[in-house]
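Coordinate inspection notes
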Amino acid sequence: MTVRANFRGFTLVEILVAMVISGVVLSGIYSTYQSQQRSYILQEEIAMMQQNLRAAMYLITRELRMAGFNPSGSTGVGIVSGEWTNTSLRFTKDENGDGDVTDSGEDLTYSLYTSGGIQKLGRKNPTTNQPVAQNIQELWFVYLDANNNVTATLSDIRSIEVTLVARTGRTTNDYVNTLTYSNKSGTKTFGPYNDGYHRSVLSEQVNCRNLGLGT
């Protein structure tokens, strides 16, 4: 009896075809992974941007509502004369009612500054900038009187519109931001920036309930 063993393997053509198919499949898997990774990073950047924006607006509006708080009736409490512009604002409040504004958190200035190559919203208390949020690109104040008309008279200010524009910490490939952003009243626009950063705007009107009391 004769036993014949079959030692026939793959031909070179078969191996090459298998390699090509495997390469196509692996390329597709890697491309999908890269796309998902880019999407994840972008969503993380946008979430961080929105978080910075909301936190910054919450703090500045909460403190602005107390501008001019003055239970002891001291003079010079409120928006500081000569130190209120569209991009910077200094105000005082006597939170503990001791007749002065020298305690912590009673003499505040909000403005933008750059540190480590990153633009941030700063809070001076009263002289040293402390970062409130980073990657804040625009800060804009609009001062309104009792009839919600824009005013340049300090004693007429009753509310303040605050606008912040934040951007992501890194650019996105194959993306160009050609959008424009506007404040709540539509009196100021920002952009287009024509770069690879995603941005978001937040604008709120703050009723400064202590301003104008006793005048």
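Preceding this paragraph is the structure being described.
Below or above, wherever it landed, is the structure these notes cover. These numbers were taken from a predicted model, which means no experiment stands behind them. Residue positions within a chain follow its written sequence, with the count starting from 1. Reporting in this predicted model follows two pLDDT cut-offs: at least 70 for local features of residues, and 80 or more for side-chain atom pairs to be given and counted; totals over whole chains, interfaces and linings ignore these cut-offs and use all residues. As a rule here, side-chain values come from all non-hydrogen atoms in the structure, and water together with hydrogens is ignored.

Let us look at the overall build of the chain. Counting from the N terminus, the helices are DSSP H or I runs at least four residues long and the strands are E runs at least two residues long. A tally of helices and strands in the chain yields 1 helix and 10 strands. Ordered by position from N to C terminus, the α and β elements of the chain give α-β-β-β-β-β-β-β-β-β-β. Along the longest, intermediate and shortest principal axes, the C-alpha atoms of the chain span 120 × 35 × 25 Å. Throughout this description, buried means an accessible area under 20% of the type-specific maximum (1.4 Å probe, protein chains only), exposed means over 50%, and partly exposed covers the range between. Split into buried and exposed, the 215 residues of the chain put 33% on the buried side. Only heavy atoms matter for contacts: two residues are in contact if any of them lie within 4.5 Å across the pair. A separation of at least 24 residues holds for 52% of the contacts in the chain among residues at least 6 apart in sequence. Carbon and sulfur atoms make up 51% of the accessible area of the chain, which amounts to about 12900 Å² in all. Under the convention used here, Asp and Glu are negative, Lys and Arg are positive, and both His and the chain ends fall outside the count. By convention, the charge on Lys lies at NZ, on Arg at CZ, on Asp at CG and on Glu at CD. For the chain, the distance from the average site of its 18 positive side-chain charges to the average site of its 19 negative ones is 11 Å. Here the accessible surface of atoms and residues is derived via Shrake-Rupley with a 1.4 Å probe, and residues count as covered only by protein chains that are part of the display.

Residue types Ala, Val, Leu, Ile, Met, Phe, Trp, Tyr and Cys, when buried and joined through side-chain atoms within 4.5 Å, form a set referred to as a nonpolar core. Counting residues in hydrophobic clusters, the biggest one holds 28 residues, and the most contacted among them are Leu-64, Leu-89, Phe-141, Ile-160 and Val-162. Going through the elements one at a time, α1 (12–64), β1 (79–84), β2 (89–92), β3 (107–115), β6 (136–144) and β7 (159–167) are the ones with two or more residues in this core. Among the elements that make up this core, the one with the highest residue count is α1 (7 residues). Counting residues in each nonpolar core, the second largest holds 7 residues, with Leu-144, Tyr-181, Phe-190 and Tyr-193 among its members.

Take α1 next. Each residue after the first adds 1.5 Å to the expected span of a helix. Counted at 1.5 Å a residue, the expected span for α1 with its 53 residues is 78 Å, and the 77 Å between its end C-alpha atoms agrees. All buried positions along α1 are accounted for by Glu-45, Met-49, Asn-52, Leu-53, Ala-56, Met-57, Leu-59, Ile-60, Thr-61, Glu-63 and Leu-64.

On to unusual backbone geometry. Pro-126 follows Asn-125 through a cis peptide bond whose omega is -5°. With respect to the helices and strands, the residue Pro-126 is situated in the loop between β4 (118–124) and β5 (129–134). Note the cis peptide between Gly-191 and Pro-192, where omega equals 0°. Within the chain, Asn-148 stands out as a residue other than glycine whose phi angle is a positive 65°. Among the secondary structure elements, Asn-148 is positioned in the loop between β6 and β7.

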